[in-house]
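Observations on chain architecture
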Amino acid sequence: MAFGRKTRTEVFIPTSSMGDIAFLLLIFFMVTTIFREETGLPIELPRAEAGEEAKRELISNIYINKQGLISINDRITKVEYVSDIIGKKLQDNPMLIVAFKTDTHTPYGVVSDVMEELKDVNAVRVFFNNDIESHPGRKW
Amino acid sequence: MASTSDVAFLLLIFFIVTTIFAAEQGLIMVLPAKQRDSEPVKVKMSNVTTLKVHQDDSVTLDGKPIEINHIKTAIENRLSGNDKLIVVLEIHPDADYGRMIACLDELRLAKATRVSLKTTEK
C-alpha cells in the first residue's frame, strides 16, 4: 500500500529569456508607434534672429498659407469660426498659446483678422513661429 | 554573450540622455484683451514712436524711410533717451507678413518691450 506517497516536483519558471522578451516587446512598440502629427499647410516660415522657445503642450497651431487659407486641426477654416474653435480649446487649457505658422508672403491683413478673432475670446497669448536666421544681415 | 544586455542598456541610456525634442522657435506676444466699459489707456505722444510697414513693403520710422537692418540701432538710441518709449508697429493689411516679423524681430533685438500692433485702416 502506497498511500499518500509524497512526490516533490520543483516549480521552475525559466527567467533567462526574460530580457530577450522585454527587448522584443520594446522593439515591437518602437517600430509600430506612430506619432500623431498635424500636417497643416505647406508654408515657408519667415526668418528672424531673436526667438524664444515655447512648450509644445501649450501650443495650438494656426496655419495660414500664401493664399490666405487658414487651417486649424488639419481642417480648412473660415476666419469667422476661428474664435469658436480656439475658445473651446481655451476652456480645456487656460494657458493656451496660439502659434501662427504663417507663410512669409501672406498679406498681413489675414493675420490681423485672425488676431481680432482671438481677442474676442481672450486668447491673448500668441506666438509667431519663425525659422532661425541663418544669414545674418539678410532678412527674407 | 552575457554582456549584450549591458551594452544594449548603455546605448539605451545614452540615447535617452542625449535626445532633445525639437522645440518651437518664435516670437511670443501678448495681445491686449478686448476692453469692455473701461476707458482706453492714454499715453503721451512724446513716448510714442511709430514704425510703419506700408502697402509696398517699405518701412518708415516716424515718417522717415528706414532700412530694416537699421531699425535696431535707431530704436536702441530712442530707448536710451526715453525708457518709457512705446513702439507702435503699424502694418498695412496688404503688406507681407514676413516684413512684419522682420520688424518685430528688430524690436526684440533692440529690447523694446512695449510694442503695440496696429493695422492700417483700408
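Residues numbered from 1 in each chain as written. Chains lettered and ligands numbered in written order. Predicted model: local features only at pLDDT ≥ 70, side-chain atom pairs only at ≥ 80, totals over all residues. Heavy atoms only, no water.

Looking only at helices and strands, one finds three helices and six strands in chain B. Listing every helix and strand of chain B by position from the N terminus yields α-β-β-β-β-α-β-α-β. Taking the principal axes of the C-alpha coordinates as reference, chain B spans close to 80 × 40 × 35 Å. Taking all 122 residues of chain B together, the buried fraction comes to 39%. Pairs at least 24 residues apart make up 71% of the contacts formed inside chain B by residues separated by at least 6 positions. As displayed, chain B has an accessible area near 7,800 Å², and 58% of this comes from carbon and sulfur atoms. Counting 15 positive and 16 negative side-chain charges, chain B places the averaged centre of each group 9 Å from the other. (Helix = DSSP H or I, 4+ residues; strand = E, 2+ residues; numbered from the N terminus. Buried < 20%, exposed > 50% of the residue type's maximum accessible area, 1.4 Å probe, protein only. Contact = heavy atoms within 4.5 Å. Areas by Shrake-Rupley, 256 points an atom, 1.4 Å probe, with all protein chains shown as cover. Lys, Arg positive; Asp, Glu negative; His and termini not counted. Charge placed at Lys NZ, Arg CZ, Asp CG, Glu CD.)

Another point: the side chain of Asn130(A). Counting through the fold element by element, Asn130(A) comes out in the loop between β7 (125-129) and β8 (131-132). In this structure Asn130(A) comes out as buried when scored by relative accessible area, which is 2%. When sequence neighbours within four positions are dropped, the list of residues in contact with Asn130(A) reads Leu45(A), Pro46(A), Ala48(A), Ala50(A), Gln25(B), Gly26(B) and Leu27(B).

Quick look at the pairing of strand β6 (residues 97-102) of chain A now. Residue and element names in this part refer to chain A. Along β6, six of the six residues are buried, which leaves the element largely enclosed by surrounding structure. Side chains Ile 97, Ala 99 and Lys 101 of β6 all project onto a buried face; the interleaved residues Val 98, Phe 100 and Thr 102 project onto the opposite face, where all are buried too. For strand β3 (residues 59-64) and β6, the ladder comprises six bridges, and the chain directions are parallel. Following the sheet pairing, Tyr 63 is matched in β6 by Lys 101. Pairing analysis gives three bridges linking β6 to β7, with the strands arranged parallel. Bridge pairing links Ala 99 to Phe 127 in β7. Crossover connection from β6 via helix α3 (residues 108-120) to parallel β7: handedness right-handed. (Pairing = 2+ DSSP bridges. Right-handed = clockwise from strand over helix to strand, strands pointing away.)

Backbone hydrogen bonds hold the strands of a sheet together, and the pairing may be parallel or antiparallel. Taken together, the seven strands give an open sheet; going across it, the order is β2(A)-β1(B)-β7(A)-β6(A)-β3(A)-β4(A)-β5(A), and neighbouring strands pair in mixed fashion. Of all the strands in the sheet, the pair left with one neighbour each is β2 (52-54) and β5 (75-77) of chain A. Each strand of the sheet is rotated relative to its neighbour by a mean of 40°, with strand direction disregarded. Sheet analysis places β7(A) next to strand β1 (residues 24-30) of chain B, joined by five bridges and oriented antiparallel. Counterpart to Phe127(A) in the pairing with β1(B) is Ile28(B). Each of β3, β4 (70-72), β5 and β6 of chain A is contacted by helix α2 (residues 79-92) of chain A, which is oriented at about 20° to β4(A), the strand it contacts most. Of the strands in this sheet, β2, β6 and β7 of chain A together with β1 of chain B are in contact with helix α3 (residues 97-109) of chain B, which crosses β1(B) at around 80°. (Axes fitted to C-alpha atoms, helices over the stretch in contact; angles between N-to-C directions.)

What follows is about the sheet that holds strand β6 (residues 115-119) of chain B. All names here are of chain B. Reading across from one edge, β4-β3-β2-β5-β6 is the order of the five strands in this open sheet, with mixed pairing throughout. Every other strand in the sheet has two partners, leaving β4 (64-65) and β6 as the edge strands with one partner each. Sheet topology note: the strand β2 (residues 48-53)/strand β5 (residues 86-91) ladder contains six bridges and is parallel. For Val 53, the partnering residue across the bridge sits in β5 and is Ile 91.

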